[in-house]
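Take a look at the letters that make up each chain.
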Amino acid sequence: MKTTSRLLLLLLLLPQMALAEFHVEPYLGYAFESSSQQTSTTKYEWSSSYIEFGGRAGYEMLGLSLGVDYNLTPGGRDFEQDAPATTTQDKSEWKGHNFGLFVGYELPIMLRVYATYYLSSKLKVDSDKDGDATNDVGDEYSGNGFNLGVGFTGLPFVSINLEYRHNSYDELKDVASGVTTKYPNLGVQERKNNAVLLSVSLPLHL
């Protein structure tokens, strides 16, 4: 009986599976980002803007797409401390990446919506730019996050996208000492990043 039920279910799904297409979508974006971390006494804030590139890949059927999403900032992600105001502002260059699972849907009005849950987010200090005695080059934050986006698909071949992204980094590996710290720890909370991105992507249906 179970075998018969499974065969019937497979026969019902086969026509839908035949409609599925492979979805490939490379993209290039520019982001404006704010970052903050709260200690027991002080809230530190930074700002940054940067270029990133990445891609989404998966399957699409009847306007619904599912798959994986990966993006990368290989360098040039300059964070400058905004608060608290000090004589020597913290300035450093970072690189990072996000990997996660996405779901999207094509609306019948030349728009699409999509969301990604990042299973893994990394942010690493690439170089120190303020010339102070503190050297945190190589230190790496780890965490997760999510991304929400809407795209305009009325142009040939390309999609113009506006996105909001949030990352929470709850782990810091200090390269000098080899110590990994999990937040919250001794009054220090996780580092939180919020970004608005404008991107151009090339959705391909194969």
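So, here's what we can say about the structure. (Residues numbered from 1 in each chain as written. Predicted model: local features only at pLDDT ≥ 70, side-chain atom pairs only at ≥ 80, totals over all residues. Heavy atoms only, no water.)

So, the pairing of strand 7 (residues 159-173)
Short version of the rule: Only when DSSP finds a minimum of two bridges between them are two strands counted as paired. Helix and strand definitions here come from DSSP, where helices need a minimum of 4 consecutive H or I residues and strands a minimum of 2 consecutive E residues; each element is numbered from the N-terminal end.
One ladder, built from 13 bridges, connects strand 6 (residues 140-152) with strand 7; its direction is antiparallel. Within strand 7, the position partnered with phenylalanine 152 by the bridge is isoleucine 160. Judged from the three bridges that link them, strand 7 and strand 8 (residues 180-182) form a sheet pairing that is antiparallel. Bridged to glutamate 171 within strand 8 is lysine 182.

Notes on unusual backbone geometry
Note the cut-off: Residue exposure (1.4 Å probe, protein chains only): buried if accessible area is under 20% of the type maximum, exposed if over 50%, otherwise partly exposed.
Note that the residue after alanine 83, namely proline 84, is joined by a cis bond; omega there is -5°. Examined against the element boundaries, proline 84 turns out to sit in the loop between strand 3 (64-83) and strand 4 (91-107). In this structure, leucine 62 is a non-glycine residue whose phi angle is positive, near 55°. Residue class for leucine 62 comes out exposed when judged on its relative accessible area of 60%. The backbone of phenylalanine 157 shows a phi angle near 75°, a positive value even though the residue is not glycine. In this fold, phenylalanine 157 is placed in the loop between strand 6 and strand 7. The class of phenylalanine 157 is exposed, set by a relative accessible area of 71%.

A few points about the pattern of salt bridges
For side chains of opposite charge, pairing can occur when their charged atoms come near one another. Inclusion rule: Salt bridge criterion: a side-chain nitrogen from Lys or Arg within 4 Å of a carboxyl oxygen from Asp or Glu.
Inspection of every chain in the model, using the stated rule, returns nine salt bridges. Across the salt bridge formed by glutamate 52 and arginine 165, the nearest N and O atoms sit 2.9 Å from each other. Taken together, the positions of glutamate 52 in strand 2 (residues 43-61) and arginine 165 in strand 7 put the pair 113 residues apart, joining distant regions of the chain. Glutamate 52 gets classed as buried once you look at its relative accessible area, which sits at 2%. For arginine 165, a relative accessible area of 2% puts it in the buried group. Notably, a salt bridge pairs glutamate 163 with arginine 165, separated by 3.9 Å at the nearest N-O pair.

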